[in-house]
Amino acid sequence: MDAIHSAAPLWACLASLLAVVPIVALGRWPNLREGATFLAAGAKFAIVASMLPLVLDGKVIEFTLFQAAPNAALAFRVDAFGIFFALIASILWIPTTLYAIGYMRGLGEHSQTRFFAFFAVSLSATLGVAFAANLLTLYIFYEMLSLATFPLVVPPRRQGILPGARFYLGHLLGTSVGFALPALIYCYVKTGGGSLDFSLDGFLAGHVSRGESVALLLLFAFGFSKAGLMPFHSWLPNAMVAPTPVSALLHAVAVVKVGVFCIVRVVTGVFGVDLLDEFDLGAVLGWVAAFTVIVSSLIALSQDNLKRRLAFSTIGQLAYIVLGIALLTPMGVKGSILHIGAHAFGKITLFFCAGAIFVATGKKYISQMAGLGKAMPVTFAAFFIGSLSVIGLPPTGGFLSKFQLVLGTMEAHQIGLLVVYLVSTVLNAAYFLPIVFRAFFPPAGAGAAPFSWRNVKEAPVACVAPICFTALCAIALFFFPAIGQKLAAMMVAAP
């Protein structure tokens, strides 16, 4: 690939970081503060979008900020996978900002300036991960994201949130410092202080034995615990005490997607598919992911709290992505990459809907929502679309990504993992579709529930409009998949 040297990826990261100054300065004037947020979000998306034609043309964009150690620089590299993830994050920041305005003003949340400021920092860290050229840069921005999201998980004046937030930060930092950092240092030492730059062939081939590869692979997989692989998943449902815009950020855009992004980068850029295939290590990671898929889906079935059900669903869907990359086949890799996008739009729609229901009714338990679809038809129609995307049914992008994941299992001759995907799809339907059905068609004997919503109406427009946008995007990924499919194919075919 031809390399172009440009500071564009740096500016894409800085667009939201620099916005923190006007966001804080304009805190006393909410409309101006949120105007600054929208300007930063628009600028970030514009910078990312400006790099897309170059990447589609087969070029990569590189920029080195400084040399941290011999052959280890803080450097950026924009390739097909990075631009795909950055586009998703930068697009979704815009509707999430609008949604946050409707949600937080609707509930009179405290410290809204703090929320928007740290939200902006989180998006900077997310794009830093997306554009990281090497393992060191990836790790630095990964940790930056953990620290930036902690104040979001623990907003002031919220009783009962602090223990869960401390667990969130302690869990993420503990695993990354205890597992991922030692693995990074070991890689650097084993390569003789060689380059940590990502390569489609990996940089560990010829430097590590099979035993070392197993240990390193597991250290990275569990060290990047934002991916939610069991048993290092419990931080995720515990973080549900945070406001819904934060939950949407955690589960659809920044945090969890960064986790699986890091694992995909490690598999393809540190080890390389050929090395893992030679040592037959795909099965090790694959069955860890398969266990997570099934167990998290079963737990989701038992959750009455809507956000907790969505949280355990997220754990399973992230494991879908890890399982796909562990297949070590072109179709599995493509399906994993595409599912990052499909799940992002589907799951953020579901979390937006959960928040809109809470704003309009104060309800957060599924058992309390029978008949509510008639009072909030737009919200529950969007919930249905988001559910279809996560389940993997047409006409949503989730169907295309999950179909390729299933084809990847057959390409790898892994019938057991094919069964895992099919069984989990049935479980996905079992814990989502009854919610929608009960909302529109409450069962007989539901008491006065169908009639208790007469004075309820949809949440504010600032909440509903983003829900409609993300739901339509989930459908658009089905009818207009060309760009995502090309970027995924470029990732597989890259030399």
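The paragraphs below set out a description of the structure included in this document.

Parameters at a glance
Going along each chain's sequence as written, the residues are numbered from 1 onward. At least 70 in pLDDT is required for a residue's local features to be given in this predicted model, at least 80 for side-chain atom pairs to be given and counted, and no such filter applies to totals for whole chains, interfaces and linings, which use all residues. Excluded from the side-chain calculations are hydrogens and water; all other atoms, namely the structure's heavy atoms, are used. A run of DSSP states H or I qualifies as a helix once it reaches four residues; a run of E qualifies as a strand once it reaches two. Both are numbered from the N-terminal end. For the exposure calls, accessible area comes from a 1.4 Å probe over protein chains only, and a residue counts as buried if that area is under 20% of its type's maximum, exposed if over 50%, partly exposed in between. Pairing of N or O atoms within 3.5 Å defines a polar contact, subject to two protein rules: one partner must be a possible hydrogen donor and the other a possible acceptor, and residues neighboring in sequence count only if both atoms are side-chain atoms. When checking whether two residues touch, look at their non-hydrogen atoms; a contact exists if any pair is within 4.5 Å. Any Lys or Arg side-chain nitrogen found within 4 Å of a carboxyl oxygen on Asp or Glu counts as a salt bridge. Here, a strand pair is defined by DSSP locating no fewer than two bridges between the strands. What counts as an axis is a line fitted to C-alpha atoms, over the stretch in contact for a helix, and the angles between N-to-C directions run from 0 to 180 degrees. In this analysis the probe radius is 1.4 Å and the grid spacing 1 Å, with only protein atoms considered; a cavity is a set of points the probe fits into but cannot get out of, a pocket is an open set with protein on both sides within 12 Å along at least five of seven lines, and lining residues have an atom within 4 Å of a point. Grid points are joined across faces, edges and corners, and a volume is the space filled by probe spheres set on the points. Residue polarity is assigned by list, with Asp, Glu, Lys and Arg as charged and Ala, Val, Leu, Ile, Met, Phe, Trp, Tyr, Cys and Pro as nonpolar; anything else, Gly included, falls into the polar class. By this rule the span expected of a helix is its residue count minus one, scaled by 1.5 Å.

A word on the side chain of Thr268
Looking at the secondary structure, you find Thr268 in helix α11 (residues 255-271). The buried category is assigned to Thr268, whose relative accessible area is 5%. A distance of 2.8 Å separates the side chain of Thr268 from the backbone oxygen of Val264, its partner in a polar contact. The residues contacting Thr268, other than those within four sequence positions of it, are Ser199, Leu200, Asp201, Gly202, Ile325 and Met491.

Things to note about the pattern of salt bridges
By the definition in use, this model includes 6 salt bridges. As a salt-bridge pair, Arg77 and Asp79 come within 3.7 Å of each other at their nearest N and O atoms. Take Arg77: its relative accessible area is 24%, and that puts it in the partly exposed class. For Asp79, a relative accessible area of 6% puts it in the buried group. The structure contains a network of salt bridges with shared partners spanning Glu62, Arg77, Asp79 and Arg265.

Notes on the sheet that holds strand β2 (residues 59-69)
Spatially, 3 strands are ordered β1-β2-β3 in an open sheet, and the strand pairing comes out mixed. Only two strands of the sheet have a single neighbouring strand rather than two, namely β1 (2-5) and β3 (72-78). Taking the axes of each pair of neighbouring strands and ignoring which way they run, one obtains an average angle of 35° across the sheet. Bridge count between β2 and β3: 7 bridges; the pairing is antiparallel. Paired with Gln67 across the strands is Ala73, a residue of β3. Against the sheet, helix α6 (residues 135-153) contacts β2 and β3, and its axis sits at roughly 85° relative to β3.

What about empty space enclosed by the protein?
This structure, assessed with the given rule, holds 2 cavities of 30 Å³ or more. Roughly 40 Å³ of internal volume is contained in the second largest cavity. What lines the second largest cavity is simply Arg77, Asp79, Ala132, Ala133, Phe198 and Arg265. Within the lining of the second largest cavity, the residues separate by chemical class into 3 nonpolar, no polar and 3 charged.

So, α11
If you check α11, its first and last C-alpha atoms are 23 Å apart, about what 17 residues at 1.5 Å a residue would give, namely 24 Å. Counting buried positions along α11 yields 17 of 17 residues, so the element is predominantly enclosed. The positive-phi residue at the C-terminal boundary of α11 is Gly272, with phi of around 90°.

Things to note about the environment of Ser16
Here Ser16 lies in helix α1 (residues 8-18). Remark: the alpha-carbon pair of Ser16 and Phe399, spanning 383 residues in sequence, is separated by 33 Å. When residues no more than four places from it in sequence are discounted, the contact partners of Ser16 are Ala40, Lys44, Trp93, Ala120, Leu123 and Ser124. Within polar-contact distance, the side chain of Ser16 engages the backbone oxygen of Ala120 at 3.1 Å.

Points about the layout of surface pockets
The volume enclosed by the largest pocket comes to roughly 450 Å³. As for the largest pocket, its lining consists of 20 residues, of which Phe84, Leu477, Phe480, Ile483 and Gly484 are closest to the centre. Elements represented by at least two residues in the lining of the largest pocket include exactly α4 (80-107), α15 (330-361), α17 (397-411), α19 (461-479) and α20 (482-493). For the lining of the largest pocket, a count of residues per class yields 15 nonpolar, 5 polar and no charged.

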